[in-house]
Amino acid sequence: MSNMNAEKEIINNPVLTIADFKIDGDIKWCAGCGDYAILSSIKSVLVERGGKKENLVFVSGIGCSSRFPYYINTYGFHGLHGRGAAIATGVKVANPELEVWHITGDGDSMAIGGNHFIHVIRRNIDMNIVLFNNKIYGLTKGQFSPTTPRGSITKTSPDGTIENPFKPGELTMGAQGTFFARIVDTEPKRMREVFMEAAEHKGTSVVEVLQNCVIFANKIHAAITGKDVRDDHQIFLEHGKPMIFGKERNKGLRRNGHTFEVVTIGENGITEDDIMIHDAHDPDDTTHYMLVRMTLPEFPVATGVIRSCDYTDPYDQVLQEQVDLARKNSRIKNMDDLINDGNILEF
Amino acid sequence: MNKKNNKVVEVETIVVKFAGDSGDGMQLSGTQFSDTTASAGNDLATFPDYPSEIRAPQGTLAGVSGYQLQFGHTEVDTPGDQADVLIAMNPAALKQNMVWVKPGATIIIDIDNFDNKHYKKAGYIEDPIEDGTLEGYNVVKAPITSLSRATVRKMGLDPKSADRSKNQFALGIIYYLFNKNLKTGEQFLDEKFGAKPIVAKANKKVLRAGYHYAETLEALAVTYKIKKTYRLKGRFRNINGNQAAAWGLIAASEKSGRDLFLGSYPITPATEIMQELAKRKHLGVKTFQAEDEIAGINAAIGAAFAGSLAATSTSGPGLALKGEAIGLAVITELPIVIVNVQRAGPATGMPTKPEQADLLQALYGRAGESPVVVLAASSPANCFDFAFQASKIALEHMVPVILLTDGYLANGSELWKLPKMADMPEIKPRLVKDNDPDYQPYKRDPETLARSWALPGQEGLRHRIGGLEKEDVTGNVSHGPVNHEIMIGLRAKKVQKVVDVIPDQKITGKENGDLLVVGWGGTYGPLVSAVRDLKKEGKAISLAQFNYINPLPKNTKDVFKGFKKIIVCEKNSGQFAFYLRSLFQQFEFLQYNKMQGLPFMIAELKDKFNKILEDE
């Protein structure tokens, strides 16, 4: 690389530090809230990625999670309840050079913004959606959400909820999502790995963070994140690696007809060769769909990048290509041309 | 073309109405004929009147589709009250339109469809040809269906396509009746059916057959000639309101240097704006067909944040859904244009019928203190000017602007004098230079109170905005009680300050008199025609047609002062009158209102005005 190129490289990819993203004011989440860990993981990823910090835009809807843009020094837009995905769509489609992050929660994107959530994924607009799933409405103080487990007692379900919860991963697959990951807020290193992959993905990436609300649903994910159970109750998936989990790293997932089963390596003649290899890049989402559906106690909960597949180009990129092509090919170059094109009458 | 030596009478204006089943091609024949009259140098105004069902059962009243056209030598500002000539392709079309024809008018019917079965389907008890319904009219009973079929019999067309050409037979009669050039009509068909030469050929043949049929018909011994209009000079095209609005937005995009982004959801009668803009990628236009009305405007707000000239198009029910997001644009002080093509409501109402009942929704229909600029276009062609103006105000004042049109303007067309872009006013968006040390998100221009527009990607200007109340100047989130009141005041004052850049209210007629007719938006055509007629009769009557609704022009009070009486005419129950009363308590505002999903008739307006003038 010549000197000039190296210089150019530095201008285009300036070295960033955490301080670049620090805001002046206070962060107003509750002490002990899982959101802090997510914020700091995302900042680390932005620093690691480098690039022009002015090209970053954080867009959110409403809820505790959606205060996020106020707490990171980038361009930011705190929108309306549920509408963050639509606002982020407008930002990205208007200027595809921007890197857009959409921060949302289980109320914001699964209930009032459910429609926008599935459609942004279906269009595959190149943005990173980070879905803070604490399975409760926090900012309105404790009502059940579309991801609250059935039977939960909350302020609006004194006798237990009678609704079946959504799994964000299922909706993502149903909307033909090209990227889905699940992660817990207690594991910063894995969060960073997953956010990094999400940011690199071309198209809509959805990262569901199992996030703990200390006030209204404390320990809601304890069965998955608890120190003593996490290794047995979670399977962290990595592309190209066998689906092995457990404290002893001796449990794995094996295909059994139309479903999976949990097997133990070394028992009943099972070896590592019997264990499925994770293929996150498979365009066919059947296996990914089965992985996101796995629930305790029969199965461990799948975390990590479950699906990451580039089989279709992002909407914003394709639209920009259409615009560029039309501009090049049309004989109508400006408004005067358009006004005077076609059936003109002279008097 | 050889013509018999029959009598040619010269007339000033003519109103023709085409009516038939939704699938009969009435919109096509109407468009084709207006194209021909425009080419012949006549002034014109059109109004398509179609049902909201795509193909209601054949022969029923619900399925009648109409296209009315007035063309003339003198001023033509409306599609006309009543028709001089009605083409009724079936009994339902006749029944639906008998009230809209002049006494003694020429009525051309497709006699092939006037059988027992058809007139009963239309709800006639007796055969309308026999029962005296048509007494006093010049009725032409043409076997349109059978002669059309016979004309194309040997061309190898399937029966459906053959029957579809029958509108051309009726049209051929009209071309003869008004001495219009068949060639222009044929060119239109060639362009329309370019991809299907056989269909084009068949249609042209049937058009000619209709013409020749008329030539030999005694019922049409007299034909009419309408001289070129004297009031038009220059280059023109025929344009409808939706296309004009779409083009106004593109023109503003070019003038401001900001690419146009439209986020919309299909809704009658506004959809054509999105369809037109979707074809304009070559001018840098991006259209986003959203999953709903809400996503449409929110995406537009996102695009505005990112630096586009952002717009959304909709109709009443959609405006209701967008209310929350308009509030977001108010508090984030971003420039967006909302084009609301009004239709008859509430709820789904009558989607294809015009009304002006979204005025108060546009002014007040949002959460909190949420003022926006409201404009209204008053003719199909000036939808261009007001879409341009709405964009200019939005970009220069950093406010959401609602532009009200209606189904009457959107679908109606007229001749539009072509502007030159060099003559259009400049648009200067409030952009900021990179690293401007003085930039603060809510620092304002002292003149307009508009904040500046720093765009993502720009260096040294990172900031965050959103729906929470902003601190004055810094734009930080604030729940401060005094700050909130200050911000409400600033947002309201910013909208009011737009008054400094809008023109004074014009008066058609003298500045003093017995009666001032007040209208707004899409009622201009009938109101100006009625006022003009009465002025000719020597009445002291004038018209003030408002395009700027919020803020109202500076001289509004002075306009009202000069008249003994004021009557506010609108296609709702009195919303503009209500608004004016709240601002000008010193005047008495009489009302004339119509809520039938129909335009005003000139005759009904004149009756009303005469009564008031006599009522001293």
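One structure accompanies this document, and this report is about it.

Quick notes on the rules
- Residues numbered from 1 in each chain as written.
- Chains lettered and ligands numbered in written order.
- Predicted model: local features only at pLDDT ≥ 70, side-chain atom pairs only at ≥ 80, totals over all residues.
- Helix = DSSP H or I, 4+ residues; strand = E, 2+ residues; numbered from the N terminus.
- Rg over C-alpha atoms; globule rule 2.2 N^0.38 Å.
- Buried ≥ 20, exposed ≤ 12 C-beta atoms within 10 Å, placed from the backbone.
- Expected span 1.5 Å × (residues − 1).
- Arc of directions from axis to C-beta.
- Contact = placed C-beta atoms within 7 Å.
- Pairing = 2+ DSSP bridges.
- Axes fitted to C-alpha atoms, helices over the stretch in contact; angles between N-to-C directions.
- Core = buried A, V, L, I, M, F, W, Y, C linked by C-beta atoms within 7 Å.

**Observations concerning the overall build of chain B**
Looking only at helices and strands, one finds 20 helices and 22 strands in chain B. The C-alpha radius of gyration of chain B comes to 26 Å, within 12% of the 25 Å expected for a compact globule of 616 residues. With respect to the principal axes defined by its C-alpha atoms, chain B has extents near 80 × 65 × 45 Å. Relative to its full complement of 616 residues, chain B shows a buried share of 56%.

**Thoughts on helix 16 (residues 481-496) of chain B**
Each α-helix turn comprises 3.6 residues. Residues three or four places apart therefore point the same way. Residues and elements named next belong to chain B. For helix 16, spanning 16 residues, the distance from its first C-alpha to its last is 23 Å, which sits close to the expected 22 Å at 1.5 Å a residue. Among all positions in helix 16, only M487, R491, K494 and V495 are buried. The arc that holds the buried residues of helix 16, viewed along the axis, is 100 degrees, so those residues lie on one side. Of the exposed residues in helix 16, the ones pointing more than 90 degrees away from its buried face are P481, V482 and E485. Looking at the buried side of helix 16, the elements it contacts are helix 12 (316-332), strand 14 (373-376), helix 14 (382-397) and strand 20 (548-550).

**Quick word on the sheet that holds strand 6 (residues 205-210) of chain A**
Strand order in this open sheet of 9 strands is 7(A)-11(A)-5(A)-6(A)-4(A)-3(A)-1(A)-2(A)-17(B), and the pairing throughout is mixed. Looking along the sheet, the strands with just one partner apiece sit at the ends: strand 7 (234-237) of chain A together with strand 17 (464-466) of chain B. Here the average twist between neighbouring strands, direction ignored, is 20 degrees. Contacts from helix 3 (residues 84-94) of chain A reach strand 1 (56-60), strand 2 (75-78), strand 3 (99-105) and strand 4 (127-133) of chain A within the one sheet, and its direction differs from that of strand 3 of chain A by about 180 degrees.

**Some words on unusual backbone geometry**
For the peptide bond that leads from T268 of chain B to P269 of chain B, omega is 0 degrees, which places it in the cis range. Its place among the elements puts P269 of chain B in the loop between strand 10 (260-264) and helix 10 (271-278). The amide bond that connects G345 of chain B to the next residue, P346 of chain B, takes the cis arrangement and shows omega of 5 degrees. Among the structural elements, P346 of chain B can be located in the loop between strand 13 (336-342) and helix 13 (359-364). At K141 of chain A, a position not held by glycine, the phi torsion is positive, near 75 degrees. One non-glycine residue with positive phi stands out, namely K219 of chain A, at about 65 degrees. By the element assignment, K219 of chain A lies in the loop between strand 6 and helix 8 (222-225). Overall, the presence of 11 C-beta atoms within 10 Å leaves K219 of chain A in the exposed class.

**Things to note about the nonpolar core**
Ranked by size, the top nonpolar core spans 248 residues in total, and within it I301 and L403 of chain B carry the most contacts. Residue contributions to this core peak at 10 residues, all from helix 11 (residues 293-306) of chain B. Those residues in contact with I301 of chain B that sit more than four places away from it in its chain are I87 and G90 of chain A together with A310, A325, L328, A329, L334 and I336 of chain B.

**Examining the sheet that holds strand 18 (residues 513-520) of chain B**
All names here are of chain B. Taken in spatial order, the 4 strands of this open sheet run 19-18-21-22, and their pairing is parallel. Each having just a single partner strand, strand 19 (541-546) and strand 22 (589-593) make up the two edges of the open sheet. Each strand of the sheet is rotated relative to its neighbour by a mean of 25 degrees, with strand direction disregarded. The pairing of strand 18 with strand 21 (residues 563-570) spans 5 bridges and is classified as parallel. The partner of L515 across the bridge, within strand 21, is K565. Its contacts with the sheet put helix 17 (residues 524-536) on strand 18, strand 19 and strand 21, and the angle it makes with strand 19 is roughly 165 degrees.

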